[in-house]
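# Breakdown of the fold
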Amino acid sequence: MDRATDPHPYDALLLLSFGGPEGPDDVLPFLENVTRGRGIPRERLAEVGAHYHLFGGVSPINEQNRTLLAALRADFAAHGLDLPVHWGNRNWGPYLTDTLREMVRAGHRRVLVFATSAYASYSGCRQYREDLAGALATLTAEGLQPPRVDKLRHYFNHPGFLTTMTDGVLDALARLPEDVRDGAHLAFTTHSIPDSAADTSGPPASHGPGGAYVAQHLDAARHIADAVRAATGTERPWRLVYQSRSGAPHIPWLEPDIGDHLAELHASGAPAVVMVPIGFVSDHMEVLYDLDTEAMATAAELGLPAVRSATVGADPRFVAAVRDLVLERAATERGETPARCALGALGPSHDLCPVGCCPGRRDLPAAAGADSPYA
Ligand SMILES: CC1=C(CCC(=O)O)c2cc3nc(cc4[nH]c(cc5[nH]c(cc1n2)c(C)c5CCC(=O)O)c(CCC(=O)O)c4C)C(CCC(=O)O)=C3C
Ligand SMILES: [Fe+2]
């Protein structure tokens, strides 16, 4: 088989995502799934529930994942990559455990996982690995033989992600009134997480203030800002800011918040802003509500012209990036040394999360890492 289309040793790809409610009755049980044992204040839950109800109780995330799933299958077929693709979620149906059970029953023994989170962090990486370990434990208890699972490396700096994001920023700039376009600031935005989670994100060697989470976002943001400058010939100020904070007020989370940043930009005389949702891969609720609804309203109140650039979604370049990462990992697992595409300064991320990578508050078993109980 052509090395460029050989998925061996893998026999399936699993698209692993967050999940979201698909109707008003789903909202509360979904939020209970998300926040079980995480100490989120009740008021915050009611507030977030109201965001979903503004959109009929439907998060767009599942439909976006169905679109991505179809796009991956079509891309693989068009490129002669014979690898079935399945989809499972952490917090809503189709649940990961059910998907993995079906995969085992279909005979899959060696599964590669593509999670819809591009960066290191407990929520974006280890928690998915814990979900996988939990699903494997359930299958084992049911008398099934668990498959071996591996997880793709972080893809925040893959050219298929960064170039697509850069083009999104260029499109967004073109939507701003011409007289403020050149002076527009870039506000790269991602999910706030507790300072303590950021500081311990990534391999132990990268632990320290902000950890791998902040370092990876800064690397991606700097690359995009440079590429936008190269394309437009205009230097624009940029900053990494945060959104969607939850948790109790006395616990420090990454700042500044996007809303405060917009007010600061306005006060300092910035003529316009492009909000770049660098931390997310599709236009799910954190983008639709926290940016398009809330942050846009803040900008309008301030009188600050603002646009939001696109997420990668199912863009063909992003889909092709997933194929590239799958083939790269397959080759690596076969003992070859394939090219590892990465832009920015950090270089390609590790394939296997080392012991102590993105620790959680509790020491739960995690699959697809050096400390996996399922080798
Ligand atoms: C880093 C990160 C990503 C990005 C990486 C990735 O994509 O994975 C992300 C994505 C998402 N977060 C989402 C939804 C929620 N996140 C919550 C809570 C939390 N997120 C956290 C972090 C992250 N979250 C954290 C540290 C918490 C506190 C509680 C905890 O430690 O777990 C809550 C509870 C209520 C609230 O407090 O907001 C909800 C409802 C949705 C679905 C949107 C939809 O439905 O369209 C998506 C894609
Ligand atoms: Fe979240």
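Conventions we followed
Residues numbered from 1 in each chain as written. Chains lettered and ligands numbered in written order. Predicted model: local features only at pLDDT ≥ 70, side-chain atom pairs only at ≥ 80, totals over all residues. UniProt positions renumbered as here; feature names shortened; annotations may be inferred. Helix = DSSP H or I, 4+ residues; strand = E, 2+ residues; numbered from the N terminus. Rg over C-alpha atoms; globule rule 2.2 N^0.38 Å. Buried ≥ 20, exposed ≤ 12 C-beta atoms within 10 Å, placed from the backbone. Contact = placed C-beta atoms within 7 Å. Near = placed C-beta within 6 Å. Domains from an automatic or database assignment. Nonpolar A, V, L, I, M, F, W, Y, C, P; charged D, E, K, R; others polar. Core = buried A, V, L, I, M, F, W, Y, C linked by C-beta atoms within 7 Å. Pairing = 2+ DSSP bridges. Axes fitted to C-alpha atoms, helices over the stretch in contact; angles between N-to-C directions. pLDDT = per-residue confidence, 0-100.

The name recorded for the protein in an unreviewed UniProt entry is Coproporphyrin III ferrochelatase, from Streptomyces marincola. Database annotation for the protein, UniProt heading Pathway (unreviewed entry): "Porphyrin-containing compound metabolism; protoheme biosynthesis." Under the Function (unreviewed entry) heading, UniProt states for the protein: "Involved in coproporphyrin-dependent heme b biosynthesis. Catalyzes the insertion of ferrous iron into coproporphyrin III to form Fe-coproporphyrin III."

So, on to the overall build of the protein. Within the protein, the secondary structure is distributed over 13 helices and eight strands. Radius of gyration (C-alpha) of the protein: 20 Å, near the 21 Å computed for a compact globule of 375 residues. In terms of overall dimensions, the protein has a C-alpha envelope of 65 × 50 × 40 Å along the principal axes. Put simply, the protein has 375 residues, and 47% of those count as buried. A separation threshold of at least 6 residues defines the contact pool for the protein, and within that pool the share at least 24 residues apart is 78%.

The next point concerns the site of ligand 1. Residues in contact with ligand 1 amount to 25 residues; listed here are only the nearest, G20, S59, S246, H284 and M285. If you list the elements that add at least two residues to the shell around ligand 1, you get α1 (27-35), α2 (42-54), α5 (122-141) and α11 (285-288). The leading source of residues in the shell around ligand 1 is α1, at three residues. Domain assignment of the residues forming the shell around ligand 1 places at least three in each of domain 1 (3-155 + 314-333) and domain 2 (159-308).

Moving on, we get to the domain arrangement of the protein. The domain boundaries assigned to the protein delineate domain 1 (3-155 + 314-333) and domain 2 (159-308). Once you take the C-alpha centre of each, domain 1 and domain 2 turn out to be 25 Å apart. On the side of domain 2, 23 residues touch domain 1, which itself brings 27 residues to the contact. Of all the secondary structure elements, the ones that give two or more residues to the side of domain 1 that touches domain 2 are α2, α3 (61-78), α5 and α13 (316-333). Per element, the largest residue contribution to the side of domain 1 that touches domain 2 is five residues, and it comes from α13. Its residues placed into classes, the side of domain 1 that touches domain 2 shows 15 nonpolar, eight polar and four charged.

The UniProt entry lists H191 and E286 under the feature "binding site: Fe(2+)" (unreviewed entry), expressed in the numbering used here. A compact arrangement is adopted by the annotated residues: their sequence extent is 96 residues, whereas the largest C-alpha distance between any two is 8.2 Å. Considering the arrangement of structural elements, one finds E286 in helix α11. With residues near it in sequence (within four places) discarded, E286 still touches H191, Q243, S244 and F280.

Ranked by size, the top nonpolar core spans 105 residues in total, and within it V113, V273 and V276 carry the most contacts. Sort the elements by how many residues they give to this core and helix α9 (residues 211-232) lands first, with nine residues. When we break this core down by domain, the ones giving at least three residues each are domain 1 (3-155 + 314-333) and domain 2 (159-308). For V273, the contacting residues outside a window of four places in its chain are A184, H185, A187, L262, L265, A299, L304 and A306.

This part covers the sheet that holds strand β8 (residues 306-308). With parallel pairing, four strands are arranged side by side in an open sheet as β6-β5-β7-β8. Looking along the sheet, the strands with just one partner apiece sit at the ends: β6 (238-243) and β8. Taken over all neighbouring pairs, the strand axes of this sheet differ in orientation by 25° on average, direction set aside. As judged from the three bridges shared by strand β7 (residues 273-276) and β8, these two strands associate in the parallel manner. Bridge pairing in β8 links V273 to A306. Packing against the sheet, α9 makes contact with β5 (185-191), β6 and β7, and its axis sits at approximately 135° to β6. Where helix α12 (residues 290-302) meets the sheet, its contacts fall on β5, β6, β7 and β8, and the angle it forms with β8 comes to roughly 170°.

Here we take up the confidence of the model for the protein. Chain-level pLDDT for the protein is 96 on average; 99% of the residues reach the 70-or-more range. Here α2 stands out as the element of the protein with the lowest mean pLDDT, 92, in contrast to β7, whose mean of 99 is the highest. The ipTM assigned to the predicted complex is 0.94, against a pTM of 0.97.

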